[in-house]
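# Overview (structure and organization)
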Amino acid sequence: MVDDDEAPLIYGVEFQARALCAVSGVPDDDTVRFLVGTQSIKFENQIHFLEYEEEAGLLNKSIYSHRAGEIWRMASSPTDHRRFATIYQNIQDSNIVSKCTVWQIPFDSNTEEGNSPTIDASTNQLHQPLRKRFDLNVPNTNIIDVEWETNGERIASISETNIYIWNVEQPDTPSISSTGAIDSKSSAIHKLSCCRWNPHMSTNQLATTLGPHIRGWDLRSMKPSFSIDNAHPPCVRDIDYNPNRQYHLMTCGDDCRVKFWDVRKTNECLKILTDHSHWVWSARYNRFHDQLIVTSSSDTRVILFNIASLSSEPYGSLNTSEDVKEETEELVNEDRLICVFDEHEESVYSAQWASNDPWLLASLSYDGRLILNRVPKNEKFQILLRCPT
Amino acid sequence: MDSSRANNFPSTYDPTNIDSPGFDPETYVTKLLRESRLTSLIEKEQLLTKQIKTLDNEMQTLVYENYNKFISATDTIRQMKKDFKTMEDEMKRLMSTMSSVNTNNDQIHQKLDKSRGEIRKLTSIHLLLHKLQYLFQLPTKLKEYADDNQYELAVNTYTKASKALQKYEHIPSFNHIQQSCTETMNVIRDELKSRFDQQQTASSDTVKLLLQLGESSDYLAKQYLHQNRPRLEQLLESMKQQLITAENQSNAGSTNPLSQQMHPMDILEFIDTSYNSYIKSLHEFVESYDMLFIRHSSTISSSPSIEDETKERCKYYLEEYLLECYSAYVEFIRNLFQSKFYGQEDETELYVRAIDRFLRRSSNDIYKYLFTQNAIEKIRLMLDSFLTFAIECRLKFYHANLDRHFHEQILELRKSLTMVPPATNEQTSFDKQQQQQPQQTQINLTTFVDKMLKQLTNDIKYTFQNLSTFLNGTEMIGNTGKKNVFTRQFAVNHVWNGFFLTLLNRLIAYFEHEYTTASSCSATVRHEQSSPPILLLILSKLILNFDSSSIPYLCTVFEEKFNLIIENNQRNESQKGGGNSFSLDRSKLTAIQKQFNVIAKHLLKQYICSQGYTLSQMLRKSIETRDWLNTIEPRHVRSVMKRIVEDLTQIDKQVMMLYNDHQSSSALGSMSSSYGRYHHRSNLTGSVGGGGGGGGRSSDGGRRTIIMPRSSALDRATSGGPGSSGGSTGNLQLNFHKVFNEKLDIFIDLQFQKTSILSSIIKLLLKTYLECIRLKTFSRYGLQQVQVDINYLYNYLWSFVNNDDRFITNLLEEIVSSTAMRCLDPVLMEASVITVICEGN
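Rules used in this analysis
Residues numbered from 1 in each chain as written. Chains lettered and ligands numbered in written order. Predicted model: local features only at pLDDT ≥ 70, side-chain atom pairs only at ≥ 80, totals over all residues. Heavy atoms only, no water. Helix = DSSP H or I, 4+ residues; strand = E, 2+ residues; numbered from the N terminus. Contact = heavy atoms within 4.5 Å. Areas by Shrake-Rupley, 256 points an atom, 1.4 Å probe, with all protein chains shown as cover. Buried < 20%, exposed > 50% of the residue type's maximum accessible area, 1.4 Å probe, protein only. pLDDT = per-residue confidence, 0-100. Salt bridge = Lys/Arg side-chain N within 4 Å of Asp/Glu carboxyl O. Phe/Tyr/Trp six-rings, centres within 6.5 Å; stacked < 30°, edge-to-face > 60°. Lys NZ or Arg CZ within 6 Å of the ring centre and 35° of its normal. Pairing = 2+ DSSP bridges. Disulfide = S-S within 2.5 Å. Axes fitted to C-alpha atoms, helices over the stretch in contact; angles between N-to-C directions. Parallel < 35°, antiparallel > 145°, perpendicular 65-115°, else oblique. Nonpolar A, V, L, I, M, F, W, Y, C, P; charged D, E, K, R; others polar. Left-handed = near helix turned anticlockwise from the far one by under 90°. Expected span 1.5 Å × (residues − 1).

Each helix and strand in chain A was counted, giving 5 helices and 29 strands. Residue pairs at least 24 apart in sequence account for 52% of intrachain contacts in chain A once pairs closer than 6 positions are excluded. Only carbon and sulfur atoms are counted for the fraction: they give 47% of the accessible area of chain A, which is about 15,200 Å².

In structure tokens:
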């Protein structure tokens, strides 16, 4: 029983893949869902919609074809679990064009395939196409990254030099509510590559990476609000806001490090993790217990950390009920590496927490291997015991 | 035996022998009758009768002679009796005359006795009168003395009289006298006291007088001690002043050569003089105190117990005082040893002798004046702690010295490194001038390391030597106990723990802090290393050499100097006591050595990272800035690749200078060995790739292999429909291939070898290449360009890692495969063309 729980669940996608996102947006449903997008130049790309059946330990898959191009990034809607946005590239006139579209998983197929999970990919070549909802494109610009606002009302997308905020409250009729651009001086050297909404401050802040730097934007004025220079030379790969501490954010990049920042004091970072031996491609806070952090790197490893010192959760001093527990907690309080998931053989470009299970995480390596891991039990119990709720 | 005795026996106790004592007449006769004939019997009878007759005659003459003698004896006795009677009569007469003499004598005595008694009475009365007169005169006399300031006389007379006065207190007139006397004496006492109190330096006379006047010795002793304090303090103060001036002089000495000539005393001399002036005067004072309060017996009549008590108290005060004085002095000496001028004394021998001298003198003197065990113990403790303090001062001094030297060296190294422009600096263009630089650096790098290592080792060795003089010079320091114990303690606590291990730890901390980012969990962001990579390389080698050669050498030096044996473990605990050489635990050292190793590895990693970073940056820019979709057919290897190979050659040379592989004695050997490996490798890829396009296609007889994408990758790229079985088997093959490839870990068992270092750098470089490729999309010519570049790299890279080029092949294949998969139109270039292009450059 314990072994079943602890053992990772491996799922293979037949193409190379970079894009992974956790699906949320179904209230009162604790099925864990993930979306994987493939990246293939030659073949028709696919979207794998995966549902994890916890009881059976099975992963139900539904495959949809994504004919628009190879998928680099994905973002799922926080309010509608069938909607998601992809960033995809295709070639037009021997130039790479990168676009963004919001898709919807067809209604009927969802129920049908949910009932018959044994559909074999080899027998049924033609997967159902996705239903396109709307494009989020600006003429003559390549969209690099896309991100939904946490309440689903707005979408941020970035090109190499600009930020576009789309208002999507009206279904299927997006409109650009505001745009911002980095100054020409820095745009000549570095490009924007990644954006994250700040879940705090009434979501009026967006953090973007600009080469080795990080720029924060105030969306009301579309002006830079903070900047961290040379956070990860030569390139920052990912940003994540602490879901509970509004000024804390975490970054990672090509200097093989993960750094923690307080945006009020950007000249020095709070902490550095140096456990990866190659570029760190993603770093994510657990939505429920922000001391849990998962990072993935092109050294093929996914690492789970417990950074209690920067967590919003109390430091154990609150419940002084049992002496024995307190002692163990004292030991536990240190920041530490919980475990290394080394089942991947290839560079892991993305690792994500499940949106509705605090202890489940998925990681996707370039060779198309998706692995679902769980937080080790003893760690889980320690966190639960300390948690006042 | 028995028979012989039986034969003998009858001869002596023969009853038949007439002369024998056991003669039996009857047996004799019967024998005669039985054995002899008649004639012989008759003869025998005649003989016998004749013999009997002669015997009778002899007997008669004997009896007669003896009778005569008896008669003369009785005559003499009678005569004696008569003489004794006359003597008795004369004795009786003597007795009677003696008794008459006695009676006469008695009579005379009785007559004279009366007059003698009268005479005695008269003389006593006379004396009494004299005394009374003296007493009556006393008040006026005392007043006179007091007026004349002859306090001594006054006190002496008063003390003489005071007893009598006390005795006759009850008589009114005497009482009056006593009162007036005490009045004057009080005046005197007050006068003396005020004088005593006012005096800056107490004279012992005054104190003596006051004591005689019965002033409380407690108060006096305290006051006396107290009053002497400023004098001693003044001495100390003047010495301190001297010290300060000496220090100032030494400070000014560097600027002003004139003052150098008035060279202040050296430390030994200083200690001598200070000791002479201070302790001697202290001891003089103690001597006088001793005379006053302890050795003299109090004149004031008091019970011996009280007297003893006060004496004890005085002793106590003295001891307290002495302790205070000594501690003040020791404090001063401490300052002296700590002072800039004297503490920095270069000559250890002088320093040691100074310590020795001080300890010897003080320990000799102190025991003279201290009484209780407690105080001696305290002083001893003080001296002991001083000794350790002095040693620690010295150790600190050495530490500072070594640190300074070391930092100077590192600064020098940095300077000389910046003077020689680093050949691998990232943005410098590669011109002829720099081609020659390696020659220069080539000589330098190893010499840098050797020089620094030598200097450091020598410094430590020299320090050991200096510290060992502590043992030679300090036979007397042994007040801690036996010399052996001190030696051991000194060697273990101070030299080993206090100096050597601390030094090593400091070095570790320094390196950790300065050069590694391992400790970068600290909150501040450390920006990219300011130290040039060569420095890191040199330092890592330095640490490694220091660890491997210097530490063992220094250990042997240490063992020799201090007669200790560094043991591997604790098992010799029991041996420690016995034997003339002591053992020391090595575990701490080994832990430190381990740390050294770790640090060296860290530095090396740092070096690899920074070099790999520089190269990767170059590569990355070249890939990112290029439009791979719209390139022309490749005709050349891209210049970046050449640049990278050139830089790697530089790095290779650098590293080679410091880290030689054991087997790479000659480039030739590695060349020949690599041929064999080539064949092996081509076989391997042939089998794994399933004989696809990758294998042993070669232009000139298998000497060189062309890196081609794995057939599986190519399959996927060229053939097959969407999501088909081809795709999935391709995936399978791809994964299958990976099973046999080790996972790439850049720093996995990094060794202190050139090959290992370079392969790590190359791994970093190629990994970057791979990741960058995966972010791009390629046209046919883009792919071919990558092919050319990769093969060019391959032709050179293997030479850097003569040991193990498998991982390079793997990575390069991976890169080409990835490129092929990211290619819109994957048409490979002919292997022969690749070869031509690569060689054409």
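What follows continues from the structure just given.
Now for the overall build of chain B. The helix and strand tally for chain B stands at 26 helices and 2 strands. For chain B, with 841 residues in total, the buried portion stands at 43%. As presented, chain B carries roughly 45,900 Å² of accessible surface, and 54% of it is formed by carbon and sulfur atoms.

Now for the confidence of the model for chain A. Across chain A, pLDDT averages 83, with 87% of residues at or above 70. Low confidence marks residues 109–124 of chain A, where pLDDT is under 50. Its contacts with residues over four positions away, or in another chain, come to 18 contacts.

Our focus in this paragraph is the side chain of S298(A). Summarising the element assignment, S298(A) is placed in the loop between β24 (292–297) and β25 (302–306). Classification of S298(A) as buried rests on a relative accessible area of 0%. Not counting residues within four places of it along the chain, the set of residues in contact with S298(A) comprises H278(A), W279(A), W281(A), S347(A), V348(A), K767(B) and E771(B).

Attention shifts here to the pattern of salt bridges. A complete count under the given rule lists 35 salt bridges over all chains for this structure. For the salt bridge of K259(A) with D255(A), the shortest nitrogen-to-oxygen distance reads 3.8 Å. As far as the burial class goes, K259(A) and D255(A) line up, both buried. Salt bridges linked by common partners bring E346(A), K767(B), E771(B), R774(B) and E814(B) together as one network.

Before going further, it helps to spend a moment on the packing of aromatic side chains. Applying the stated criterion across every chain, the model contains 11 aromatic pairs over all chains. Here W279(A) and W281(A) contribute two aromatic rings whose centre-to-centre distance is 6.2 Å and whose plane-to-plane angle is 35°, an arrangement assigned as tilted. Accessibility assignment for this pair places W279(A) and W281(A) in one class, buried. Ring geometry for W281(A) and Y349(A): centres 4.5 Å apart, planes at 70°, overall edge-to-face. You can see W281(A) sitting in strand β23 (residues 280–285) and its partner Y349(A) sitting in strand β27 (residues 348–353), a full 68 residues away along the chain. Both residues of the pair, W281(A) and Y349(A), belong to the buried class. Members of the aromatic cluster, each reached through a chain of ring pairs, are W279(A), W281(A), Y349(A) and Y366(A). Of note, R237(A) hangs over the ring of W281(A), and the distance from its end group to the ring centre comes to 4.2 Å. Looking at R626(B), its charged tip hangs above the ring of W628(B), at a distance of 5.2 Å from the centre.

A separate point is the sheet that holds strand β3 (residues 32–38) of chain A. Residues and elements named next belong to chain A. Read across the sheet, 5 strands follow the order β2-β3-β4-β5-β9 without closing on themselves; strand pairing throughout is mixed. The open sheet has two edge strands with one neighbour each: β2 (17–23) and β9 (128–129). By the bridge criterion, 6 bridges tie β3 to strand β4 (residues 45–53) in an arrangement that is antiparallel. Among the inter-strand pairings, R33 is bridged to a residue of β4, identified as E51.

Take the state of the cysteines next. Disulfide: a covalent bond formed between the sulfur atoms of two cysteine residues. Inspection of the entire model under this criterion finds 0 disulfides over all chains. Summary of cysteine pairing: C100(A) is not part of a disulfide, and the nearest cysteine sulfur, belonging to C195(A), is at 9.6 Å.

For the rest of this paragraph, the subject is the sheet that holds strand β15 (residues 192–197) of chain A. By definition, the strands of a sheet pair up through backbone hydrogen bonds, in either a parallel or an antiparallel sense. Residue and element names in this part refer to chain A. Spatially, β15-β16-β17-β18 is the arrangement adopted by the 4 strands of the open sheet, whose pairing is antiparallel. One side of each edge strand has no neighbouring strand; the edge strands of this open sheet are β15 and β18 (223–228). Shown here is a sheet whose adjacent strand axes are inclined to one another by a mean of 25°, direction ignored.

Once that is clear, we can look at the packing of helix α23 (residues 754–774) of chain B against helix α25 (residues 806–821) of chain B. Residues and elements named next belong to chain B. For the pair α23 and α25, the least separation of the axes is 9 Å and the interaxial angle reads 10°. When the axis of α23 is compared with that of α25, the two are roughly parallel. Here S759, I762, K763, L766, Y769, L770, I773 and R774 of α23 lie close against α25, whose contacting residues are F807, I808, L811, L812, E814, I815, S818 and T819. Class assignment of the residues belonging to the contact of α23 with α25 gives a composition of 10 nonpolar, 3 polar and 3 charged.

What follows deals with the side chain of D218(A). Residue and element names in this part refer to chain A. Here D218 lies in strand β17 (residues 213–218). Residue classification places D218 among the buried positions, given a relative accessible area of 18%. Excluding residues within four positions of it along the chain, D218 makes contact with N204, K223 and S225.

Time to look at the packing of helix α19 (residues 639–658) of chain B against α23(B). Residue and element names in this part refer to chain B. Look at α19 against α23: their axes get within 10 Å of each other, and the N-to-C directions meet at 155°. When the axes of α19 and α23 are compared, the pair comes out roughly antiparallel. Pair α19 / α23 crosses with right-handed handedness. From α19, M641, I644, L648, I651, D652, V655 and M656 reach across to α23, where they touch K754, I757, L758, I761, I762, L765 and Y769.

All names here are of chain A. Of all the 7 residues making up strand β6 (residues 70–76), 6 are buried; the element is thus mostly covered by neighbouring parts of the structure. Of the pairings in the sheet, the one linking β6 to strand β7 (residues 83–92) comprises 6 bridges and is antiparallel in character. When the bridges of β7 are listed, M74 appears paired with T86. Between β6 and the antiparallel strand that follows it, β7, lie 6 residues.

In this section: α23(B). The first and last C-alpha atoms of α23(B) sit 30 Å apart over 21 residues, in line with the 30 Å expected at 1.5 Å per residue. α23(B) sits mainly inside the fold: 21 of its 21 residues count as buried.

With that settled, consider unusual backbone geometry. All names here are of chain A. For the peptide bond that leads from P233 to P234, omega is 0°, which places it in the cis range. Non-glycine residue M222 carries a positive phi angle of around 55°. Here M222 shows up in the loop between β17 and β18. Residue classification places M222 among the buried residues on the basis of a relative accessible area of 13%. You will see that N230, though not glycine, has its phi angle at about 50°, which is positive.

Okay, the confidence of the model for chain B next. Residues and elements named next belong to chain B. A residue-level look at chain B finds 68% of positions with pLDDT of 70 or above and a mean pLDDT of 71. Overall, residues 421–442 carries pLDDT values under 50, and its contacts beyond four positions in sequence, including any with other chains, amount to 30 contacts. Residue range residues 716–733 is modelled with pLDDT below 50. Its contacts to residues more than four positions away, or to other chains, number 27 contacts. As scored by the predictor, the complex reaches a pTM of 0.67 and an ipTM of 0.87.

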